[in-house]
Amino acid sequence: MDVLQLARWQFGITTVYHFLMVPLTIGLSVLVAGMQTAWVRTGHERYYKMTKFWGKLLLVNFAMGVVTGIVQEFQFGMNWNAYSRFVGDVFGAPLAMEGLVAFFVESTFLGLWIFGWDRLSKRVHLACAWAFSLATIASAYFILAANSWMQHPVGVDFVDGRPRMNSIWAVLTNNTALAAIPHTIAGAFSVAAAFIVGVAAWHLWRKRNGDDEHRSVWRTSLRLGGWVGVVAFAALAITGDTQGKLMFEQQPMKMASAEALCHTEQPASFSIIAIGDVSKQNCEDVKTFNVPALLSFLAHSDFKTEVKGVEDLVGQYQAKYGTNYPDDPALGELAGKPIDYTPSLPVTYWGFRIMIGFGAISAGIGVLALWASPSPDRHPRRRRFAPLAHRKGRIPDSKWFPRLALLGIATPFIGNSAGWIFTEMGRQPFVVVPNPSGVDGVWMFTAQAVSNLSTGEVWTSLLALTSLYAVLGVVEVFLMRKYVRGGVEGVLPPKDGQPKTESLSFAY
């Protein structure tokens, strides 16, 4: 592999790994703050126990997210310094804002929350929890604003061959960012919900035949996760539709590739699944189970509009951006070679469907969790569904329920990762995608963005970081498994009131 391919692999591996922690942190931080709010308002002990248990897991995940996230920004100087020089005047602003929010607001209020249980009043301590959770969302906002500028550059002038920002407000209110942010946050809640459902279901099943003083903790957690998962999927569907319509306007090649739509259609059908190699030129020949005119509706909210195919779009890109790369030695083997404007169709086509499919599976498991754990009937005379009465307060005895719930933890993680891979690889060969209505010249090929390095140098960093991340992954799984198995007893202070002697990093 050449330097460009190695650099892309390194960025992809580190980014996907880091993003495994990010959505769980965002979703779980808000839910933990909600649990603590319920405890402060009602005084019910189960909410206190829920806050302690899920808060411990949140801290483990947050610590790993910080460690892996720091590497991401170093990537721009290591392997992508040409990109950094080109977009630095714009890209640096939202990244600096994210750094201030992440390392000052988040860390400050998280520290107060960790060590303030017996030192702050309940309401002040609760305010710290909400400040931390909202700061994680703000941090995500700035990162997504930076990424969305790469997808749809706005708020700039083109001066001396580089974009110069003329409006930070335009960058932060980019319509691409405003569509991506609620979609990403909904995905984060989906991840947190599946995690809560899986762990709570396992604890309920483990002590299904015996007495468990914390049973109400697991039952309340299970139902909370179920409801959040269902609502999150509905939000994902709504925000995803909005995001898709913007992509048809701003990056039509990405959406045509998501459907493996080789030729323009009017109206255009939506392919549910394909059998065969979608990367072939006659890729429409292998499509099956099409929904007539649905793609036109998803693109433009009507069933008649034309949707351009890959081949027609390639001609448009060639006419506007050229047929060959510049004859520049910095481009290495690609210098003077033809430009391939078509993203990897197997990645975009199947990535799009994996994103939707695994999100739906996660929501389905949430529905199952709600069905399997009905709320105790406080008004027996008002029962409407007598056949469900035998399920009151019970969990299925067979092993299928906890196994399915535990496997379900992975589904939104897979869906989120597939969505990001689709988003990033679908814009190739551009690292900064041209804005159809933006300033001429504000775009960049990925091949032009890479640093002038040797393959040996990139191989070294790729193997080192991948190995390090593998070790961190083992540590993450070990710590999560330890505290999940420890249950509520593992996070509560000793009954004699003496402080716990845990390591400083996660004690509270």
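Residues numbered from 1 in each chain as written. Predicted model: local features only at pLDDT ≥ 70, side-chain atom pairs only at ≥ 80, totals over all residues. Heavy atoms only, no water.

- The protein is annotated in an unreviewed UniProt entry as Cytochrome d ubiquinol oxidase subunit I of Amycolatopsis sacchari.

**A few points about the confidence of the model for the protein**
Thinking step 1. Per-chain confidence: the protein averages 86 in pLDDT, with 89% of residues scoring 70 or above.
Thinking step 2. In the model of the protein, strand β4 (residues 287-291) stands out as the element of lowest mean pLDDT, 72, in contrast to helix α5 (residues 168-172), which has the highest, 95.
Thinking step 3. Low pLDDT, under 50, characterises residues 377-392; the predicted model gives this stretch 11 contacts beyond four residues in sequence or across chains.
Thinking step 4. Every residue in residues 497-508 is under pLDDT 50, and counting partners more than four places away or in other chains gives 24 contacts. (pLDDT = per-residue confidence, 0-100. Helix = DSSP H or I, 4+ residues; strand = E, 2+ residues; numbered from the N terminus. Contact = heavy atoms within 4.5 Å.)

**So, the side chain of S148**
Thinking step 1. Relative to the helices and strands, S148 resides in helix α4 (residues 122-151).
Thinking step 2. For S148, the side chain forms a polar contact with the main-chain nitrogen of A177, separated by 3.4 Å.
Thinking step 3. Every residue in contact with S148, bar those within four places of it in the chain, is listed here: N174, T176, A177 and A180. (Polar contact = N/O pair within 3.5 Å; in protein donor to acceptor, adjacent residues only side chain to side chain.)

**A closer look at unusual backbone geometry**
Thinking step 1. Here the bond from Q266 into P267 is cis, since omega is -10 degrees, no more than 30 degrees from zero.
Thinking step 2. Structurally, P267 can be placed in the loop between α8 (252-258) and β3 (270-274).
Thinking step 3. In the segment running from Q428 into P429, the intervening peptide bond is cis, with an omega of 15 degrees.
Thinking step 4. With respect to the secondary-structure elements, P429 resides in the loop between α13 (410-425) and β5 (430-432).

**Points about the packing of aromatic side chains**
Thinking step 1. Under the criterion given, the structure shown has 30 aromatic pairs.
Thinking step 2. Here the aromatic rings of W54 and F195 are separated by 6.0 Å at their centres, their planes lie at 70 degrees, and the arrangement is edge-to-face. With W54 in helix α2 (residues 45-78) and F195 in helix α6 (residues 175-206), the pair connects residues that are 141 residues apart, well separated along the chain.
Thinking step 3. A residue is classified by how much of its surface remains accessible, and W54, at 0% relative accessible area, is buried.
Thinking step 4. Summarising the aromatic geometry, the rings of F297 and F303 are spaced 4.9 Å apart at their centres and angled 15 degrees between planes, so their arrangement reads as stacked.
Thinking step 5. Its relative accessible area of 30% is what places F297 among the partly exposed residues. (Phe/Tyr/Trp six-rings, centres within 6.5 Å; stacked < 30°, edge-to-face > 60°. Buried < 20%, exposed > 50% of the residue type's maximum accessible area, 1.4 Å probe, protein only.)

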